Amino acid sequence: MSAEASSARNTLALAVRDAAITALIAFGLLLPLIGFLTVTDIRNELILTTRGPLLFAFVGIAGFGRLFYSLSIEPWLRRRALRPATPSGEMTWPRWFAKWAALFAGVIVSLTALIFVGRTLYLIRALVLEPGAGPAFNLMASVLLTAFFVGLAFILLRGGDKGLQTVSRLTMPAGAGFLIVYPILIVIAVGFGASVKWIDNFGIQILIYVMLGWGLNIVVGLAGLLDLGYVAFYAVGAYSYALLAKEFGLSFWILLPLAGVLASFWGILLGFPVLRLRGDYLAIVTLAFGEIIRLVLINWVDLTSGYAGISGIPRPTFFGVPFNANDDGFASVFGLEFTPIYRTIFLYYLILALAFLTAFVTVRLRRLPVGRAWEALREDEIACRSLGINTTNTKLTAFGIGAMFAGFAGSFFAARQGFISPDSFTFLESASILAIVVLGGMGSQIGVACAAIVMIGGTEIMRELDFLKRIFGETFDPTQYRMLLFGFAMVLIMVVRPRGLISSRSPSVFLKERKNIGSDLVKEGHG
Amino acid sequence: MEVFLQQLINGITLGSIYGLIAIGYTMVFGIIGMVNFAHGDVFMVSSFIALIVFLILTSWLGVTSVALALLIVLVVAMIFTSLVNWTIERLAYRPLRGSFRLAPLISAIGMSIFLSNFVQVSQGPRNKSTPPMIQGEFVLFTKNDYAVTLSFKQLIIWGVTAVLLVCFWYLVAKTKLGRAQRACEQDQKMAALVGVDVDRTISMTFVIAAALAAVAGTMYLMYYGVVSFADGFVPGVKAFTAAVLGGIGSLPGAVIGGIIIGLIETMWSSYFSIDYKDVAAFSVLVITLIFMPQGLFGRPDVEKV
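These figures come from a predicted structure and were not determined experimentally.

Draft legend 1. Molecular detail of the overall build of chain B. When you go through chain B residue by residue, the secondary structure sums to 11 helices and four strands. Here chain B holds 305 residues, and the buried ones make up 58% of them. The long-range share in chain B, meaning contacts at least 24 apart out of those at least 6 apart in sequence, stands at 75%.

In structure tokens, the structure reads:
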């Protein structure tokens, strides 16, 4: 009894000590940059102000967070470690985690489903009570969404292995189906006027990054070559579309493949010298190449007009029919009323098709000898060479094909924006795309798509969080914090799950049955 | 000739700053084999800390002697930056030891983004400029109305760099910590077996790297009189270039590489085009890594199964 009590007291004392140390370190870390603020005053001189309360709030959070960790999470982790080892086949922690995550998601999704069921019933009632006036389309969308959410909730709530397998089997078709009907659902849900934001900012923006992520996934995820200058090829695609379309008036449909070819050419050109390098050196050299291309774009003013960028880039046409209010425009040709939303929807389906093309090509290539050689190269380069694989060709094809998709995405980007400048192609952009690939789990297509949705969708949603202004005051701008959170998430995911969200690998070639390979069995040779 | 001499002086000054940062890269790479991508941003954070300490000293405590103020700024910035880098190693890199090879690099890229955005959010996105701390210069000689000068600022940077390099060389070559460090560089497992605390040695490496970066940060602030949250990336990459050029893992190599990069940059700016000076530095990086990956003083890297 007394021994137990004293050990409990000891635990508490230790926890308090740790918390005090953590608070002290946090104080030291935050004192200069949070405790003081440098402001330029009216006379253009730098003066200092203090931010005591903010500093102590952060220090308090760190201290109490540490106290909470050592009193509740740490004993729990220790108890779990003491538990007898699970025999193989039982749940190890990622699967266990996935089960609970699935359950949690299931609860949320079923609540959403309930809301939609209610809405559907309400709409049916409205339709029954006043036939004719009933919004039939509205009802249809509502039914579709209800079915989607009920199905998802059902799958998720089943939990366990079976549920997970069902989810992984259904994710692809369900996700693809949802992406295809997404603009229609949005238009029905919020009407023509308000849907531009949802389709453009969320749909197109996310899909561009999904496509770039999938393209980079070939280089980083499959071939294991860490490329920090991927955005350079995106820039090559964008500038080649912009310049050729403006100077020679070529159509989007000719320039799209041409941009891919040019970007791919640059990929191979830059790939050649770096063939001998591995791992971090390769990363740094590609970074340097990316920066050199950006600096050239900035300084070669005659060609690119430098920082000012290129504006008035021709927009893509619907197979020759432009999207404008003229008589030969899309709306008049098809007898519709003119709204700008048609172009947005068209662009959405265009990028969706391009993204699907990327995914399809990747999946097919993985089964071909070249794809298998990529993955073998990722696992062990020396073994690869001993087996007689031509590593030069393998690396160059990875670079070339990855760059080609970046070129496609780049020319789409230029066509969608109508304006490009070197600011869109900074190192931060490369890092964001890399973060998406890494966070999603290198090599996993679904993982990359999910990571793009979370990271890009998350940052877009931050623009919408007006209620935070009510809490933190009018000057609070949530978008400021997006890169901060981005960097933080990168570190956090690396520390917690270094293999990314989806870390298991499913082999392209298998004997008898396809089995997922757990992340603990996957180990790369040289990266 | 006059222009050349002047650029030589400027280049050595700039190169000293790069060299101090480069030592951080080269030490960390030597001991745990990772490119500490966030090191450039640690340098940037240190110059912000230096700025704040300088403002506290001059505008609140009323320190009038610039020399005294600079000395205090240097010491305080070194302490705080070391704490920052120590924490970064503990939180972002140590859990990843033994993970796959690219994990620490990616974590470091995340940390670099985090640091620069943290400074942007907490101190504002605008450039912070201070009035010149030290003025005055020696005119070495005048020819055709072109005065070749050596400013006091440059002299201080040369002096501080030289003194610190001597201290640092003593630390690595003569002390117990330095010996432990060299042992860990060669073989961590073996070092642990003979009683070297590997974790502590690695932590100390990060602390020393940060202290040198803080010196560079303070000198940078004093030399240019302006800092911004985005100032970490480009000097970071250039310092990394210096480390690679000198042979990564080699300490004198880092300093010499830094001076070479500084000279290339200033000479390029004055004889060719200032717009492309960063392109020149990046090209040196690419050319070195491709044709001479072991650098000037490095050991060749042997590939093993």
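Draft legend 2. Region of the structure containing helix H6 (residues 231–248) of chain A. Residues and elements named next belong to chain A. For H6, which comprises 18 residues, the first-to-last C-alpha distance of 25 Å matches the rise-based estimate of 26 Å (1.5 Å per residue) to within 8%. Among the 18 residues that make up H6, 14 are buried, leaving the element largely enclosed by the rest of the structure. Remark: Gly249 follows H6 within two positions and exhibits a positive phi of approximately 65°.

Draft legend 3. Structural detail: a positive patch on the surface. All names here are of chain B. Among the surface-exposed residues, Lys174, Lys176, Arg179, Arg182 and Arg200 lie close enough to one another that they form a single positively charged patch. For the positive patch, the element with the most residues is helix H6 (residues 176–186), which contributes three residues. On the basis of relative accessible area, Arg200 is assigned to the exposed category, the value being 52%.

Draft legend 4. Representation of unusual backbone geometry in the model. With a phi close to 50°, Ser305 of chain A is a non-glycine residue in the positive phi region. Within the secondary structure layout, Ser305 of chain A lies in the loop between helix H9 (301–304) and strand S3 (310–311).

Draft legend 5. Up close: the environment of Gly195 of chain B. Summarising the element assignment, Gly195 of chain B is placed in the loop between helix H7 (188–193) and helix H8 (198–224). The exposure class assigned to Gly195 of chain B is exposed, which follows from its relative accessible area of 62%.

Draft legend 6. Spatial organisation of the interface of chain B and chain A. Counting residues at the interface gives 66 residues for chain B and 61 residues for chain A. Summing the contributions of chain B and of chain A, the shared interface buries around 5900 Å²; its carbon and sulfur component is 76%. When residues of chain B are sorted by the area they lose upon contact with chain A, Phe100, Arg101 and Ile106 of chain B head the list and together hold 11% of the total. Applying the counting rule to chain B against chain A returns zero salt bridges. The tally of links between chain B and chain A comes to five residue pairs in polar contact (both at pLDDT 80 or more). Put simply, the parts of the chain that give the side of chain B that touches chain A at least two residues each are helix H2 (39–60), helix H3 (66–93), helix H4 (102–123), strand S1 (128–129), helix H9 (233–246) and helix H11 (277–291) of chain B. Examining the composition of the side of chain B that touches chain A, we find that 16 residues originate from one element, H4 of chain B, more than from any other. In terms of residue class, the side of chain B that touches chain A is built from 46 nonpolar, 12 polar and eight charged.

Draft legend 7. Molecular detail of the packing of H2 of chain B against H3 of chain B. Residue and element names in this part refer to chain B. Contact pair H2 / H3: the axes reach a minimum separation of 8 Å and the direction vectors enclose 140°. Overall, the two elements H2 and H3 adopt an arrangement that is oblique. When the axes of H2 and H3 are compared, the crossing they make is right-handed. Each of His39, Val42, Ser46, Ile49, Ala50, Val53, Phe54 and Leu57 in H2 lies in contact with H3, whose residues at this interface are Ala69, Ile72, Val73, Val76, Ala77, Phe80, Thr81, Asn85 and Ile88. Of the residues contributing to the contact of H2 with H3, the split by class is 13 nonpolar, four polar and no charged.

Draft legend 8. Up close: the pairing of strand S2 (residues 137–143) of chain B. All names here are of chain B. Where S2 and strand S3 (residues 146–151) come together, six bridges link them in antiparallel fashion. Along S3, the bridge assignment pairs Lys143 with Tyr146. Counting the residues that bridge the hairpin from S2 to S3 gives two residues, and of these Asn144 lies at a positive phi of roughly 50°.

Draft legend 9. Broad picture of the pattern of salt bridges. Taken as a whole and assessed by the stated rule, the structure comprises 16 salt bridges over all chains. A salt bridge links Arg416 of chain A to Asp200 of chain A; the nearest nitrogen and oxygen atoms lie 3.5 Å apart. On the criterion of sequence distance, the pair formed by Arg416 of chain A in helix H14 (residues 391–417) and Asp200 of chain A in helix H5 (residues 160–222) is long-range, its members being 216 residues apart. Relative accessible area serves as the criterion here: at 8%, Arg416 of chain A is assigned to the buried category. With a closest N to O distance of 3.7 Å, Glu265 of chain B and Lys277 of chain B form a salt bridge.

Draft legend 10. Spatial organisation of a nonpolar patch on the surface. Together, Phe68, Tyr69, Ile73, Trp76 and Leu77 of chain A make up a nonpolar patch on the protein surface, roughly 450 Å² of accessible area in all. For Trp76 of chain A, the position within the fold is in helix H2 (residues 52–82).

Draft legend 11. Quick look at the packing of helix H1 (residues 2–32) of chain B against H8 of chain B. Residues and elements named next belong to chain B. The interhelical angle for the contact between H1 and H8, taken along N-to-C directions, is 165°, at an axis separation of 9 Å. Comparing their axes, H8 and H1 come out roughly antiparallel. Of the two elements, H1 crosses H8, and the hand of that crossing is left-handed. In terms of residue class, the contact of H1 with H8 is made up of 20 nonpolar, five polar and no charged.

Draft legend 12. Region of interest: the packing of aromatic side chains. All chains considered together, the criterion is met by 24 aromatic pairs over all chains. Measuring from ring centre to ring centre gives 6.1 Å for Tyr281 of chain A and Phe29 of chain B, while their planes differ by 20°; the resulting arrangement is stacked. Of the two residues, Tyr281 of chain A is situated in helix H8 (residues 279–299) and Phe29 of chain B in helix H1; the pairing between them involves two chains. Like Phe29 of chain B, Tyr281 of chain A is buried. Judged by centre distance (5.3 Å) and plane angle (75°), the rings of Phe43 of chain B and Tyr220 of chain B are edge-to-face. Within this pair, whereas Phe43 of chain B is found in helix H2, its partner Tyr220 of chain B is found in helix H8, the two being separated by 177 residues in sequence. Look at Phe43 of chain B and you get buried, because its relative accessible area is 1%.

The rules behind each value
- Residues numbered from 1 in each chain as written.
- Chains lettered and ligands numbered in written order.
- Predicted model: local features only at pLDDT ≥ 70, side-chain atom pairs only at ≥ 80, totals over all residues.
- Heavy atoms only, no water.
- Helix = DSSP H or I, 4+ residues; strand = E, 2+ residues; numbered from the N terminus.
- Buried < 20%, exposed > 50% of the residue type's maximum accessible area, 1.4 Å probe, protein only.
- Contact = heavy atoms within 4.5 Å.
- Expected span 1.5 Å × (residues − 1).
- Patch = residues over 30% accessible without salt bridge, like charges linked within 9 Å, V, L, I, M, F, W, Y side chains within 5 Å.
- Areas by Shrake-Rupley, 256 points an atom, 1.4 Å probe, with all protein chains shown as cover.
- Salt bridge = Lys/Arg side-chain N within 4 Å of Asp/Glu carboxyl O.
- Lys, Arg positive; Asp, Glu negative; His and termini not counted.
- Charge placed at Lys NZ, Arg CZ, Asp CG, Glu CD.
- Buried area = accessible area lost by both parts, 1.4 Å probe.
- Polar contact = N/O pair within 3.5 Å; in protein donor to acceptor, adjacent residues only side chain to side chain.
- Nonpolar A, V, L, I, M, F, W, Y, C, P; charged D, E, K, R; others polar.
- Axes fitted to C-alpha atoms, helices over the stretch in contact; angles between N-to-C directions.
- Parallel < 35°, antiparallel > 145°, perpendicular 65-115°, else oblique.
- Left-handed = near helix turned anticlockwise from the far one by under 90°.
- Pairing = 2+ DSSP bridges.
- Phe/Tyr/Trp six-rings, centres within 6.5 Å; stacked < 30°, edge-to-face > 60°.

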